[in-house]
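Breakdown of the fold
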Amino acid sequence: MDITRIAPRDRQHIQRYGADGFRVSDQTFEGPVIVFADGSVPWDAPAVAELSVSDFSQVAHKLETVDLCLLGCGARTLQVPKDLRDAMREKGVSVEPMDTGAACRTFNVLLAEGRAVMAALLLPEDQAQQ
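The structure displayed is predicted, hence computed values, not measured ones. (Residues numbered from 1 in each chain as written. Predicted model: local features only at pLDDT ≥ 70, side-chain atom pairs only at ≥ 80, totals over all residues. Heavy atoms only, no water.)

**Notes on the overall build of the protein chain**
The following threshold applies: Only DSSP runs of H or I covering at least 4 residues are called helices, and only runs of E covering at least 2 are called strands; the numbering of each starts at the N terminus. Only protein chains enter the accessibility calculation, which uses a 1.4 Å probe. A residue is then buried if its area is under 20% of the maximum for its type, exposed if over 50%, and partly exposed in between.
Helix and strand counts for the protein chain stand at two helices and eight strands. What you see in the protein chain, going N to C, is helices and strands ordered as β-β-β-β-β-β-α-β-α-β. Counting all 130 residues of the protein chain, 50% fall into the buried class.

**Some remarks on the packing of aromatic side chains**
What counts, and what does not: Any two of the Phe, Tyr and Trp rings considered here, Trp counted by its six-membered ring, make a pair once their centres fall within 6.5 Å; the pair's planes then place it as stacked at under 30 degrees, edge-to-face at over 60, or tilted in between. We call a charge positioned over a ring when the NZ of a Lys or the CZ of an Arg lies within 6 Å of the ring centre and within 35 degrees of the ring normal.
Going through the model one piece at a time under the given rule, you end up with one aromatic pair. On the numbers, 5.2 Å between centres and 40 degrees between planes, the contact of Trp 43 with Phe 56 is tilted. In this pair, Trp 43 sits in the loop between strand S5 (39–42) and strand S6 (68–72) while Phe 56 sits in the loop between S5 and S6, placing the two residues 13 residues apart along the sequence. Overall, the relative accessible area of 2% leaves Phe 56 in the buried class. In this structure, Lys 62 is placed above the aromatic ring of Phe 36, and the distance from its NZ or CZ to the ring centre is 5.0 Å.

**A look at helix H2 (residues 100–112)**
Let me state the cut-off plainly: To estimate how far a helix should extend, the number of its residues minus one is multiplied by 1.5 Å. The contact definition used throughout considers only heavy atoms, calling two residues in contact when any of these lie within 4.5 Å. Here a polar contact means two N or O atoms within 3.5 Å. Within protein one must be a hydrogen donor candidate and the other an acceptor candidate, and residues neighboring in sequence count only if both atoms are side-chain atoms.
Between its first and last C-alpha atoms H2 spans 18 Å; for 13 residues at 1.5 Å apiece the expected length is 18 Å, and the two agree. Three or more residues of H2 are buried, namely Thr 100, Gly 101, Ala 102, Ala 103, Cys 104, Phe 107, Asn 108, Leu 110 and Leu 111. Where H2 is buried, its residues contact strand S1 (14–18), strand S2 (21–24), strand S4 (33–36), S6, strand S7 (94–98) and strand S8 (117–121). For H2, the capping residue at the N-terminal end is Asp 99, with a side-chain oxygen 3.1 Å from the backbone nitrogen of Gly 101.

**Here we look at the sheet that holds S6**
Sheet strands associate in pairs through backbone hydrogen bonding, adopting either a parallel or an antiparallel arrangement. Put simply, the test is: Any two strands are treated as partners once DSSP identifies two or more bridges connecting them. Throughout, an axis means a line fitted to C-alpha atoms (over the contacting stretch in the case of helices), and angles, computed between N-to-C directions, take values from 0 to 180 degrees.
Spatial strand order, S5-S4-S8-S6-S7: five strands in an open sheet with mixed pairing. Strand pairing shows two members of the sheet lacking a second neighbour, S5 and S7, which therefore form its edges. Taking each pair of neighbouring strands and ignoring which way they run, the sheet shows an average axis angle of 15 degrees.

What follows is the structure, given as C-alpha coordinates:
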(Lines give C-alpha, C1' and ligand atoms only; values in the text may rest on other atoms or scores of the structure.)
Protein backbone atom coordinates (compact mmCIF):
# COMPACT_ATOMS: atom_id res chain seq x y z
CA MET A 1 0.00 0.00 0.00
CA ASP A 2 1.30 3.47 -0.89
CA ILE A 3 1.27 6.14 1.79
CA THR A 4 1.14 9.91 1.26
CA ARG A 5 4.09 11.95 2.58
CA ILE A 6 3.38 14.16 5.57
CA ALA A 7 6.82 14.22 7.25
CA PRO A 8 9.45 16.89 6.51
CA ARG A 9 11.75 15.99 3.60
CA ASP A 10 14.83 15.67 5.83
CA ARG A 11 13.24 12.79 7.76
CA GLN A 12 12.55 9.20 6.82
CA HIS A 13 9.13 8.51 5.40
CA ILE A 14 7.51 5.10 4.97
CA GLN A 15 6.19 5.30 1.43
CA ARG A 16 4.93 1.76 0.87
CA TYR A 17 4.52 -1.54 2.65
CA GLY A 18 3.43 -4.96 1.48
CA ALA A 19 4.14 -8.68 1.60
CA ASP A 20 7.30 -8.13 -0.42
CA GLY A 21 8.81 -5.47 1.86
CA PHE A 22 8.97 -1.75 2.47
CA ARG A 23 9.87 1.44 0.64
CA VAL A 24 11.33 4.04 3.01
CA SER A 25 12.55 7.38 1.68
CA ASP A 26 13.15 5.90 -1.79
CA GLN A 27 15.07 2.90 -0.41
CA THR A 28 13.66 -0.62 -0.77
CA PHE A 29 13.85 -3.20 2.02
CA GLU A 30 12.84 -6.75 1.09
CA GLY A 31 12.25 -7.89 4.64
CA PRO A 32 11.71 -6.51 8.13
CA VAL A 33 13.13 -3.05 8.79
CA ILE A 34 13.78 -0.64 11.65
CA VAL A 35 13.04 2.99 10.82
CA PHE A 36 14.24 6.06 12.72
CA ALA A 37 13.73 9.72 11.81
CA ASP A 38 17.20 9.88 10.26
CA GLY A 39 17.73 6.41 8.79
CA SER A 40 16.57 2.86 8.30
CA VAL A 41 18.26 -0.53 8.59
CA PRO A 42 17.27 -4.06 7.56
CA TRP A 43 16.20 -6.12 10.56
CA ASP A 44 16.75 -9.84 11.07
CA ALA A 45 13.78 -10.28 13.39
CA PRO A 46 12.30 -13.50 14.75
CA ALA A 47 8.58 -13.99 15.37
CA VAL A 48 7.07 -11.44 17.76
CA ALA A 49 6.71 -14.01 20.55
CA GLU A 50 10.48 -14.64 20.38
CA LEU A 51 11.62 -11.00 20.30
CA SER A 52 14.11 -9.85 22.93
CA VAL A 53 16.13 -6.72 23.50
CA SER A 54 19.09 -8.42 21.79
CA ASP A 55 17.11 -8.27 18.53
CA PHE A 56 17.62 -4.49 18.73
CA SER A 57 21.38 -4.68 19.38
CA GLN A 58 22.27 -3.29 15.93
CA VAL A 59 20.43 -0.07 16.83
CA ALA A 60 21.11 0.00 20.59
CA HIS A 61 23.06 3.26 20.24
CA LYS A 62 19.96 4.91 18.70
CA LEU A 63 17.45 3.82 21.34
CA GLU A 64 18.39 6.79 23.52
CA THR A 65 17.07 9.11 20.76
CA VAL A 66 13.49 7.81 20.94
CA ASP A 67 10.80 7.37 23.56
CA LEU A 68 8.40 5.24 21.52
CA CYS A 69 8.86 2.09 19.44
CA LEU A 70 5.98 1.19 17.16
CA LEU A 71 6.20 -2.57 16.69
CA GLY A 72 4.56 -3.64 13.44
CA CYS A 73 3.64 -7.24 14.28
CA GLY A 74 2.50 -8.36 10.81
CA ALA A 75 -1.12 -8.74 9.76
CA ARG A 76 -2.46 -8.29 13.28
CA THR A 77 -1.49 -6.95 16.68
CA LEU A 78 0.30 -9.44 18.91
CA GLN A 79 1.40 -9.30 22.52
CA VAL A 80 4.94 -8.09 23.16
CA PRO A 81 7.02 -10.41 25.37
CA LYS A 82 7.19 -9.00 28.90
CA ASP A 83 11.00 -9.28 29.01
CA LEU A 84 11.30 -7.12 25.87
CA ARG A 85 8.78 -4.57 27.12
CA ASP A 86 10.60 -4.32 30.50
CA ALA A 87 14.07 -4.09 28.93
CA MET A 88 12.99 -1.36 26.51
CA ARG A 89 11.23 0.53 29.32
CA GLU A 90 14.53 0.50 31.27
CA LYS A 91 16.07 2.25 28.24
CA GLY A 92 13.26 4.83 28.31
CA VAL A 93 11.41 3.39 25.31
CA SER A 94 7.74 2.36 25.37
CA VAL A 95 6.81 -0.43 22.94
CA GLU A 96 3.43 -0.19 21.24
CA PRO A 97 2.42 -3.26 19.22
CA MET A 98 0.04 -2.90 16.28
CA ASP A 99 -0.46 -4.38 12.86
CA THR A 100 2.27 -3.36 10.43
CA GLY A 101 0.06 -1.12 8.31
CA ALA A 102 -1.04 0.85 11.36
CA ALA A 103 2.58 1.10 12.55
CA CYS A 104 3.68 2.54 9.19
CA ARG A 105 0.91 5.14 9.12
CA THR A 106 1.34 6.05 12.80
CA PHE A 107 5.11 6.44 12.39
CA ASN A 108 4.62 8.95 9.58
CA VAL A 109 2.07 10.97 11.56
CA LEU A 110 4.09 11.02 14.79
CA LEU A 111 7.26 11.93 12.94
CA ALA A 112 5.46 14.83 11.25
CA GLU A 113 4.43 15.99 14.75
CA GLY A 114 8.08 15.98 15.82
CA ARG A 115 7.83 12.97 18.14
CA ALA A 116 10.90 10.89 19.03
CA VAL A 117 9.66 7.65 17.47
CA MET A 118 10.99 4.55 15.76
CA ALA A 119 9.23 1.75 13.91
CA ALA A 120 10.30 -1.90 14.03
CA LEU A 121 8.39 -3.50 11.19
CA LEU A 122 7.73 -7.13 10.31
CA LEU A 123 6.27 -7.97 6.93
CA PRO A 124 2.48 -7.56 6.94
CA GLU A 125 1.91 -11.06 5.53
CA ASP A 126 4.46 -12.74 7.79
CA GLN A 127 1.94 -14.50 10.03
CA ALA A 128 3.40 -17.98 9.33
CA GLN A 129 6.19 -17.11 11.82
CA GLN A 130 3.87 -15.66 14.41
